[in-house]
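Next come the chains, spelled out residue by residue.
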Amino acid sequence: MIELILPAIVSCLVAFFVVFAMTPPLIKFLKNRNFAVKDVNKKEDVMVVRPGGISIIAGIIASEIVLYAFLQLNEILAIIITTFAAFLIGYVDDRKVMGGWFKPVALAIAALPIIAFGVYDSDLAFPIFGTVQIPALYLGLIIFMIPITGNTINSIDVLNGVASGFMVIASFSLSVCLFVMQNYEIAIVSLPLGFVSLAFYKYHKVPSKIFPGDSGALTLGAMYGAIAIVGGVEIIAAVALLPAVINSFLFLSSVKRIVEHRQVKGKPVEHTDDFKLKATDDKTAPVTLVRLILAGGPLTEKQVGFAIFRLTVFSGILAIITAFLMGVYI
């Protein structure tokens, strides 16, 4: 454990400062090339550049390469390749709107390095009930999990700062859970995800200077899913991700098909005269977590974001409790 302290410190510093230092020139670069979209939740005509996934993936790759130099783990290579593939998939979608099928199918293919490197345990661990051996079914779970986590984070990226702030809380919660489960090496591997998200949040919070785009959201979500698989904490990871999972479930159950958010005509949120957010009365609009939060009345964008963060903190605590239960019963 002691020998992991130096790799952990160095990789986390690299993760944070690569994103922190790279994002301002990236913002300038994107502005100069007019890669910007309107911030629809601002009363003024505010344009925000995207995609920020470029600095996010740079921070992740740099920090994980540092860790690989120290630890020489195939798990790190599998995480890097899967995460970079997710970035490329998201970047394609940032530049050209693809069909609803594109990201799930492409992200399923991005999960293949995890299988190719054999960095998974086909025993699925549950709290209290113990482990279940599902060697054949588990391969299917790997293929499905990366699209699920990637698109889940992408689906909650609807307000300034939410996706990056959400990932700060969820990823650090997952790291704590891995330490509780005494999976120290993968816990160290997971820490840079939280520091990358934290550094990006500095520029993504209200009012956003840059949006992560699909490339950023899919990168964060895919890395989270890859860590959950190689760390053998799939159930715990799902618990920590509950608010985003609920959001995806609500959206899909109301739309009843896989579709891009920008292709949905009805909008779940409207604006008051003072440009607070309020839940729509449009029955054709999808149900989302934000719409449920606003059911009690209008809120500012920042207030909605903090409401989501509070739910994420609660889910993170539940995940840590789940980790302790698994440590006792498994």
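This text follows the structure it describes.
Note that the structure is a prediction, hence the values are computed from the model and not measured.

### Thoughts on the overall build of the protein
Then, in step 1: The number of helices and strands found in the protein is 13 helices and 6 strands.
Then, in step 2: Rg of the C-alpha trace for the protein: 19 Å, near the compact-globule value of 20 Å for 330 residues, within the 12% margin.
Then, in step 3: Along the first, second and third principal axes, the C-alpha atoms of the protein reach 55 × 45 × 35 Å.
Then, in step 4: Split into buried and exposed, the 330 residues of the protein put 52% on the buried side.
Then, in step 5: Long-range contacts, defined as pairs at least 24 residues apart, comprise 73% of the intrachain contacts of the protein with a sequence gap of at least 6.
Then, in step 6: With the model as given, the accessible surface of the protein reaches about 14,600 Å², and the carbon-plus-sulfur share is 68%.
Then, in step 7: Each charge class in the protein was averaged separately, 24 positive and 21 negative side chains, and the resulting centres sit 11 Å apart.

### What to know about the environment of threonine 219
Then, in step 1: Along the chain, threonine 219 turns up in helix H9 (residues 213–230).
Then, in step 2: Among the residues examined, threonine 219 registers a relative accessible area of 0% and is labelled buried.
Then, in step 3: Taking C-alpha positions, threonine 219 is 7.0 Å from phenylalanine 84, a pair spaced 135 residues apart along the chain.
Then, in step 4: Each residue touching threonine 219, except ones within four places of it in the same chain, is listed here: Ile56, Ile57, Ile60, Thr83, Ala86, Phe87 and Asp214.

### Notes on unusual backbone geometry
The bulk of non-glycine residues show a negative phi, and the bulk of peptide bonds are trans.
Then, in step 1: The linkage connecting arginine 50 with the following residue, proline 51, adopts the cis geometry, with an omega of 5°.
Then, in step 2: Mapped onto the secondary structure, proline 51 falls in the loop between strand S2 (47–49) and helix H2 (53–71).
Then, in step 3: With an omega dihedral of -10°, the bond running from valine 206 to proline 207 counts as a cis peptide bond.
Then, in step 4: Relative to the helices and strands, proline 207 is located in the loop between helix H8 (184–204) and H9.
Then, in step 5: If you check the backbone angles, asparagine 34 has positive phi at about 60° while not being a glycine.
Then, in step 6: On the secondary structure map, asparagine 34 appears in the loop between helix H1 (5–32) and strand S1 (36–38).

### Some remarks on the nonpolar core
Then, in step 1: Counting residues in each nonpolar core, the largest one holds 82 residues, and the members touching the most others are Ile114, Phe166, Tyr224 and Ile308.
Then, in step 2: If you tally residues by element for this core, the top one is H9, at 11 residues.
Then, in step 3: Sequence-distant contacts of isoleucine 114, defined by excluding residues within four places in its chain, comprise Ala78, Thr82, Val119, Tyr120, Ile142, Ile146, Ala226, Ile229 and Val230.

### Considerations on H1
Then, in step 1: The end-to-end C-alpha distance of H1 is 41 Å, a good match for the 40 Å that 28 residues give at a rise of 1.5 Å each.
Then, in step 2: Buried residues of H1: Pro7, Ala8, Ser11, Cys12, Ala15, Val19, Thr23, Leu26, Ile27 and Leu30, and no others.
Then, in step 3: In the core, the buried residues of H1 are packed alongside S2, H2 and H8.
Then, in step 4: Immediately downstream of H1, the backbone of asparagine 34 shows phi near 60°, a positive value.

### Considerations on the environment of isoleucine 27
Then, in step 1: With respect to the helices, strands and loops of the structure, isoleucine 27 is situated in helix H1.
Then, in step 2: For the pair formed by isoleucine 27 and arginine 50, sequence separation is 23 residues and the distance between their alpha carbons is 7.9 Å.
Then, in step 3: In contact with isoleucine 27, other than residues within four places in its own chain, are Val49, Tyr203, Lys209 and Ile210.

### Observations concerning the packing of helix H3 (residues 74–95) against H9
Then, in step 1: Remark: H3 packs on H9, axes separated minimally by 7 Å, with the N-to-C direction vectors making an angle of 155°. On the basis of their axis angle, the class for H3 and H9 is roughly antiparallel. Of the two elements, H3 crosses H9, and the hand of that crossing is right-handed. For the pair H3 and H9, the contacting residues are Glu75, Ile79, Thr82, Thr83, Ala86, Phe87, Ile89, Gly90, Tyr91, Asp93 and Asp94 in the first and Gly213, Asp214, Ser215, Leu218, Thr219, Ala222, Met223, Ala226, Ile227 and Val230 in the second.
Then, in step 2: When the residues that make up the contact of H3 with H9 are grouped by side-chain class, the tally is 11 nonpolar, 6 polar and 4 charged.

So, how was this worked out
- Residues numbered from 1 in each chain as written.
- Predicted model: local features only at pLDDT ≥ 70, side-chain atom pairs only at ≥ 80, totals over all residues.
- Heavy atoms only, no water.
- Helix = DSSP H or I, 4+ residues; strand = E, 2+ residues; numbered from the N terminus.
- Rg over C-alpha atoms; globule rule 2.2 N^0.38 Å.
- Buried < 20%, exposed > 50% of the residue type's maximum accessible area, 1.4 Å probe, protein only.
- Contact = heavy atoms within 4.5 Å.
- Areas by Shrake-Rupley, 256 points an atom, 1.4 Å probe, with all protein chains shown as cover.
- Lys, Arg positive; Asp, Glu negative; His and termini not counted.
- Charge placed at Lys NZ, Arg CZ, Asp CG, Glu CD.
- Core = buried A, V, L, I, M, F, W, Y, C linked by side-chain atoms within 4.5 Å.
- Expected span 1.5 Å × (residues − 1).
- Axes fitted to C-alpha atoms, helices over the stretch in contact; angles between N-to-C directions.
- Parallel < 35°, antiparallel > 145°, perpendicular 65-115°, else oblique.
- Left-handed = near helix turned anticlockwise from the far one by under 90°.
- Nonpolar A, V, L, I, M, F, W, Y, C, P; charged D, E, K, R; others polar.

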